[in-house]
Amino acid sequence: MGISVNDSRLSTLARLIAEWPGLVSGPPEQLIEDSLVLVELLGDARRLVDVGSGGGLPGLPLKIARPELEVTLIEADQTKAAFLVRACAKLNLDGVEVVARRAEEVGQDQRYRESFDVAVARAVAPLPVLIELCLPLVRVGGRLLAQKTDKEEVASARRAIELLGGSLDSVVATPSRMRASGTVVVVAKVRSTSAEYPRRPGVPNRKPLR
């Protein structure tokens, strides 16, 4: 899949990312292309949350490819969150909210908890950590799409998936120029997440659910 999805805004996004030092590691065009592998896995989702959005990946390319999506970008780093606000303005994107808070806090906020059809996340943390940060945001019947490499041990996240109300759906091969061995771990939300999750900020990283 090339960067041109019949929308010059993808090229503009790549330029904006390139102009912001230290925002991402890797060529922006390839990162955007890698983000777009998720389009075919979105189904009929209407509300999407991107956890640990960083440079807006994969959330912003998905919004450009699927304009009808309502997208929430969670990014605790204030500098990166500022970039996201700027990028949305430059790209004239409606229906995008930037939340500059820790995912653990957002997951306990009733405005966001269990309200999204799909959560997406790139390889920002080990899978058990991503499960705890993302699944509380997904409604029952929704899904988490976690972009990983085929070297990630999915078995290590099985307890986290169970505790957070999920069920491992599939692991889909999604190779791209950026990640030749790329996969997407698809986790279905089958029941509500216990109120004790996510735990306090920092705890999921320090003590992953194993």
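Our structure's up above, just so we're on the same page.
The structure displayed is predicted, hence computed values, not measured ones.

Novice: Sorry, what's going on with the sheet that holds strand β5 (residues 138–149) here?
Specialist: Within a sheet, each strand pairs with its neighbour through backbone hydrogen bonds, oriented either parallel or antiparallel. Strands sit in the order β3-β2-β1-β4-β5-β7-β6 across an open sheet of seven strands; the sheet is mixed. Edge strands, defined here as strands with exactly one partner in the open sheet, are β3 (96–99) and β6 (166–173). Strand-to-strand twist of the sheet, defined as the mean angle between neighbouring strand axes without regard to direction, takes the value 20°. With seven bridges joining them, β6 and strand β7 (residues 182–189) adopt antiparallel strand pairing. Paired with Ser167 across the strands is Ala188, a residue of β7. Running over the sheet, helix α6 (residues 127–134) touches β1 (47–51), β4 (116–121), β5 and β7 and is turned about 150° from β5.

Novice: Help me understand the environment of Asp117 in this model?
Specialist: Relative to the elements of secondary structure, Asp117 occurs in strand β4. As a C-alpha pair, Asp117 and Leu42 span 75 residues in sequence and 9.0 Å in three-dimensional space. When near neighbours in sequence (up to four residues on either side) are disregarded, Asp117 contacts Ala45, Arg46, Arg47, Val138, Arg139, Gly142 and Arg143. Side-chain polar atoms of Asp117 contact the backbone nitrogen of Arg47, separated by 2.8 Å. Here Arg139 takes part through its side chain, which lies 2.6 Å from a polar atom of the side chain of Asp117.

Novice: So what exactly am I meant to see when it comes to the packing of aromatic side chains here?
Specialist: Each aromatic ring pair is described using two quantities: the centre-to-centre distance and the angle formed by the ring planes. Evaluation of the coordinates by the stated rule reveals one aromatic pair. Where Trp20 meets Phe83, the ring centres are 5.3 Å apart and the plane angle is 70°; that geometry is what we call edge-to-face. With Trp20 in the loop between α1 (9–18) and α2 (28–35) and Phe83 in helix α4 (residues 78–90), this residue pair connects regions lying 63 residues apart in the sequence. According to the relative accessible area criterion, Trp20 is partly exposed, its value standing at 23%. For the cation-ring pair, Arg47 lies above Phe116, with the distance from its terminal atom to the ring centre recorded as 4.5 Å.

Novice: How should I be thinking about the environment of Glu114 in this particular structure?
Specialist: With respect to the helices and strands, the residue Glu114 is situated in the loop between α5 (103–106) and β4. Looking at Glu114, the relative accessible area reads 24%, which means it is partly exposed. Taking the C-alpha atoms as reference, Glu114 lies 27 Å from Phe83; in sequence the two are 31 residues apart. With residues up to four places along the chain from it excluded, the contact list for Glu114 reads Pro136, Leu137, Val138, Arg139, Lys189, Arg191, Ser192 and Thr193. A polar contact of 3.0 Å, which involves the side chain of Glu114, links it to the side chain of Lys189.

Novice: Any chance you could explain the pairing of β4 here in plain terms?
Specialist: Within a regular strand, the side chains alternate between the two sheet faces. β4 sits mainly inside the fold: six of its six residues count as buried. Looking at chain direction, β4 and β5 are connected through five bridges and run parallel. Considered in β5, the bridge of Phe116 is made with Val138. You can see the chain leave β4, run along α6 and come back into β5, and the turn it takes is right-handed.

Novice: Would you take a moment to explain the nonpolar core for this structure?
Specialist: As a rule of thumb, nonpolar side chains are buried together in soluble globular proteins. Leu38, Leu48, Leu60 and Leu145 are the most contacted members of the largest nonpolar core, which has 33 residues in total. Taken together, the elements giving at least two residues each to this core come down to α1, α2, α3 (59–65), β2 (70–74), α4, β4 and β7. The biggest single contributor to this core is α1, with five residues. In this structure, Leu38 is in contact with Pro58, Leu62, Val120, Leu145, Gln147 and Val184, ignoring residues within four places of it in sequence.

Rules used throughout
- Residues numbered from 1 in each chain as written.
- Predicted model: local features only at pLDDT ≥ 70, side-chain atom pairs only at ≥ 80, totals over all residues.
- Heavy atoms only, no water.
- Pairing = 2+ DSSP bridges.
- Helix = DSSP H or I, 4+ residues; strand = E, 2+ residues; numbered from the N terminus.
- Axes fitted to C-alpha atoms, helices over the stretch in contact; angles between N-to-C directions.
- Contact = heavy atoms within 4.5 Å.
- Polar contact = N/O pair within 3.5 Å; in protein donor to acceptor, adjacent residues only side chain to side chain.
- Phe/Tyr/Trp six-rings, centres within 6.5 Å; stacked < 30°, edge-to-face > 60°.
- Buried < 20%, exposed > 50% of the residue type's maximum accessible area, 1.4 Å probe, protein only.
- Lys NZ or Arg CZ within 6 Å of the ring centre and 35° of its normal.
- Right-handed = clockwise from strand over helix to strand, strands pointing away.
- Core = buried A, V, L, I, M, F, W, Y, C linked by side-chain atoms within 4.5 Å.

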